[in-house]
Each structure stands twice: as C-alpha cells, then as structure tokens.
Amino acid sequence: MSAPLLSTRDLTVQFEGLPVLQNVSLDIARGEIVTVVGPNGSGKSTLLKALLGTVPPESGSVQRAPAISIGYVPQKLALDASLPISVARFLSLPKRQSAARIAAQLDRVGVAGLQSHPMQGLSGGQFQRVLLARALLMSPDLLILDEATQGLDQPGVARFYRLIEEVRRDMGCAVLMVSHDLHVVMSASDRVICLNGHVCCQGTPHVVRSAPEYRALFGLGTEGTLALYQHEHDHAHDAEGTHIHGPDCAHAKATLEHSHD
Ligand SMILES: Nc1ncnc2c1ncn2[C@@H]1O[C@H](COP(=O)(O)OP(=O)(O)OP(=O)(O)O)[C@@H](O)[C@H]1O
C-alpha cells in the first residue's frame, strides 16, 4: 500500500489550557473520500486547521506527503462589502490564474460565465461553488471542505455531493469533508469518522436504497447521493462529554442516534 497523503498520530490541541482534540490518529489515503462528523464544538474545524498547519498541536504529529497540494474550502469567508471584487479577480488571489483556467473551473463547478460578477452579489450557493473553484485551481491532491453544505436544502446538498463525486473522479484527489450532521452523509464516503474531541467511532456509511421510510426521510431527487452513518461506539460520555471507556455504550449510542419515524 502507498504511504498515506496525510496522517495524524496522537494529535492533541489545547486552547487556553483546555483540550479540544485528544489523541486523534487518522490517515487519509490518495483518492479516498473521508467524512468527519461531530456535534457543534467537537473540534472538527480545529482538526482541519491542525491538518492545514494553521493551529499548532500541543503534542502528537501531523504528517503530510512531500509536495502535497491541499485545496481548502472554508466554512465562512467574510469579504469587505465596501471593496467590491470580481469573481475572476478573487480567483486570481493569491496566485495569478489564466482566464482559461478560471473559465474551466467555473464551468466544472456549475457557475460558468460568472467571471465579471462581483463576489458580494453572489447567492449563497454560487459563492460556495466559487470557493470550491478556487480550491480546485490549486490542482489539489487533497480537497478539504469545512461544512460545505451548510445552508443548502436537501436537493442542494445532493447536487453538491454529486459535484464532489465528479471532481474526485475527474481529478483523482482525496476529499476530507466535515459536517455537523451526525447521521446523513455523502454516500460516496469511503469512511466516516465520528469526532467528539477524540475519535468516537469510524466506519462505512450505510447506503439506503429501497426502504420507503428512508426514501421519505431523504426525499426525492437525491439519486443515492445521501447515506446514513450508523454509530458503533465502544465507550460512553459523561454529562460534560468526557470520554469514559467501558461496556456502557448504550448512552452514547442513544444520544447520537436519531429515530427515523
Ligand atoms: N482560537 C480559539 N481559541 C479558543 N477556543 C477555541 C478557538 N477555536 C476553537 N475554540 C474552541 O474549541 C472548541 C471546538 O471548536 P471547533 O470550531 O473546532 O468545533 P466544531 O466541531 O468545528 O464546531 P462547529 O460544528 O460549531 O463548527 C470549541 O469549544 C471552541 O470554542
């Protein structure tokens, strides 16, 4: 097997003396799609920042493949409303890009022809696709997406997931995406990692094909892009969310599982 693109070993990150990530070990292989799920405040964005090298670990390590190119789509990006900037200019920062490359990536992400549009005038969905185009201009080995489907309705999520699948197929990049939706994930995920300060559990998503109750839950038109992730914890958490090893996993499962009725 080839060396992973990116790995962490016993990664621990603290803010003001409080641990946010504890002993997180994971590997991302070339071409793999990994979804990290976790409740709000569970350390998902912090994990991504540690992987990108913008947050230093307290202990443990992050290893990146030599010369790895990472494309990052942030959760939020605040642009100064008083300084209008066109889509083409935005995509040429910080590195100048040719008009042909910009046109090709805008076309790929489904917003062809927006070059001269002001960034401040884009809809939420268009803005997010332009952020994706910017990440793809890096020709990434690894595409990192932080809550990229936030604010989209379910058909919008399904369309976005289909786009990510196409990007992976065409560019061959690995994809790491984080989501605070604990249960509904991209069905093309090779692996789902559940994070709550530490790695709670990991596994493959359960692709739901025919059960009518799941179809009702996912709605029509998602074309199999969404799947459920079944949590299989081997430990519980106390009221503060602290990790307790032991046989009593029922509580953790109960708090993480939805009922589908
Ligand atoms: N720069 C910082 N300084 C101090 N505390 C921070 C900092 N960044 C994050 N935290 C804290 O670390 C914890 C984890 O935050 P993080 O943003 O990584 O969680 P998350 O899982 O991405 O949450 P969400 O789903 O709400 O985006 C939170 O309690 C947050 O307040």
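Here we summarise the structure given alongside this text. No experiment lies behind these values; they were computed from the predicted model shown. (Residues numbered from 1 in each chain as written. Predicted model: local features only at pLDDT ≥ 70, side-chain atom pairs only at ≥ 80, totals over all residues.)

A short note on unusual backbone geometry
And then number 1: The amide bond that connects Leu-93 to the next residue, Pro-94, takes the cis arrangement and shows omega of 0 degrees.
And then number 2: With a phi close to 50 degrees, Asn-23 is a non-glycine residue in the positive phi region.
And then number 3: Phi at Ala-67 is positive, roughly 60 degrees, even though this residue is not glycine.
And then number 4: In this structure, Ala-67 sits in the loop between β4 (59–64) and β5 (70–73). (Helix = DSSP H or I, 4+ residues; strand = E, 2+ residues; numbered from the N terminus.)

Topic: the sheet that holds strand β6 (residues 142–146)
And then number 1: Read across the open sheet, the 6 strands follow the order β5-β6-β7-β3-β9-β10; overall the sheet is mixed. Lying at the two open borders of the sheet, with one neighbouring strand each, are β5 and β10 (199–203). Within this sheet the neighbouring strands show an average axis-to-axis angle of 15 degrees, counted without direction.
And then number 2: Relative to strand β7 (residues 174–179), β6 is paired through 5 bridges, and the arrangement is parallel. Each residue of the ladder has a partner; that of Ile-144, found in β7, is Leu-176.
And then number 3: Contacts between helix α4 (residues 124–136) and the sheet are confined to β5 and β6, with β5 contributing the most and set at about 170 degrees to the helix. (Pairing = 2+ DSSP bridges. Axes fitted to C-alpha atoms, helices over the stretch in contact; angles between N-to-C directions. Contact = placed C-beta atoms within 7 Å.)

Quick look at the pairing of strand β1 (residues 6–15)
And then number 1: In the sheet, β1 pairs with strand β2 (residues 18–28) via 7 bridges, with the strands oriented antiparallel. Of the residues in β2, the one forming a bridge with Thr-8 is Leu-26.
And then number 2: Between the end of β1 and the start of β2, which pair antiparallel, lie 2 residues, with Glu-16 showing a positive phi angle near 50 degrees.
And then number 3: Direction of pairing for β1 relative to β4: antiparallel, over a ladder of 5 bridges. The residue bridging Arg-9 from the neighbouring strand is Ser-61, located in β4.

Brief notes about the site of the ligand
And then number 1: Taken together, Phe-15, Glu-16, Val-20, Gly-38, Asn-40, Gly-41, Ser-42, Gly-43, Lys-44, Ser-45, Thr-46 and His-180 make up the full set of residues near the ligand.
And then number 2: Here the shell around the ligand is composed, by residue class, of 2 nonpolar, 8 polar and 2 charged. (Near = placed C-beta within 6 Å. Nonpolar A, V, L, I, M, F, W, Y, C, P; charged D, E, K, R; others polar.)

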